[in-house]
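Residue-level structure breakdown
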Amino acid sequence: MTTQNLDREIRFRIDSFLTDLAGLVKRSALESVQDALGGSAAPARRGPGRPPRAARRGAKRSQSALAGLSSRLLDHVKKHPGQGVTRIAAALRTSSQDLQLPVRKLLAARKLRTKGKKRGTKYFAR
């Protein structure tokens, strides 16, 4: 009977040691992950609301900015007819996406004409 009690006591102490050891290993792993991610235990707070309109993607451009870009675009096409929008954008030091609206407006005003389709579209002044 004393051997059984001794075996139970040994088993109990081994189990409690393993439980404590598992807790220490988990805590150590969490601390190392937190240190690797920046050290704060709490998640980072987001800013106080929405960013300003100018910082948001898709913000509207002013009429004067569009008019200036349109005139630069038309001048470039007059000097260099037959270029595609990517070459025009590179020459004007802007993105081809920024030229989409001015190109559409100049086409609607019949100041530009096109030849070709999709990526092969070439632009000419009227």
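Just so you know, the residues in each chain are numbered from 1, in the order the chain's sequence is written. Totals for whole chains, interfaces and linings use all residues, but because this is a predicted model, local features are given only for residues with pLDDT of at least 70 and pairs of side-chain atoms are given and counted only at 80 or more. With hydrogens and water stripped out, all remaining heavy atoms of the structure feed into the side-chain values.

1. Some remarks on the overall build of the protein
Elements are defined by DSSP. Helices are runs of H or I of four residues or more, strands are runs of E of two residues or more, and each kind is numbered from the N terminus. A tally of helices and strands in the protein yields four helices and two strands. In the protein, the succession of helices and strands from N to C terminus is α-α-α-α-β-β. Split into buried and exposed, the 126 residues of the protein put 16% on the buried side. It only takes one pair of heavy atoms within 4.5 Å for two residues to be counted as in contact. By sequence separation, contacts in the protein at least 24 residues apart represent 46% of the contacts at least 6 residues apart. In this description, accessible areas are obtained by the Shrake-Rupley approach with a 1.4 Å probe, and a residue is regarded as covered only by the protein chains that are shown. For the protein, the accessible surface area stands at approximately 10,700 Å², while carbon and sulfur atoms represent 54% of it. Each residue is placed in one exposure class: buried if its accessible area under a 1.4 Å probe, protein chains only, is under 20% of its type's maximum, exposed if it is over 50%, and partly exposed if it falls in between.

2. What to know about the pairing of strand β2 (residues 122-125)
Regular strands place their side chains on alternate faces of the sheet. Any two strands with at least two DSSP bridges between them are considered paired. Where strand β1 (residues 112-115) and β2 come together, four bridges link them in antiparallel fashion. Residue pairing across strands places T114 opposite Y123, the latter belonging to β2. What sits between the antiparallel neighbours β1 and β2 is a turn of six residues, in which G116 has the positive phi angle 100 degrees.

3. Re unusual backbone geometry
Residues other than glycine seldom take positive phi values, yet R93 does so here, at roughly 55 degrees. Relative to the elements of secondary structure, R93 occurs in the loop between α3 (85-92) and α4 (96-108). For R93, a relative accessible area of 79% puts it in the exposed group.

4. Some details on a nonpolar patch on the surface
Patch membership is restricted to residues that have no salt bridge and whose relative accessible area is over 30%. Joining uses 9 Å for like charges and 5 Å for the nonpolar side chains Val, Leu, Ile, Met, Phe, Trp and Tyr. Here, a salt bridge means any Lys or Arg side-chain nitrogen found within 4 Å of an Asp or Glu carboxyl oxygen. Together, L6, I10, I14, F17, L18, L21 and V25 give the surface a local cluster of nonpolar side chains, amounting to about 650 Å² of exposed area. Structurally, I14 can be placed in helix α1 (residues 2-37). The class of I14 is partly exposed, set by a relative accessible area of 37%.

Purely geometric stuff here, so don't read any function into it on its own.
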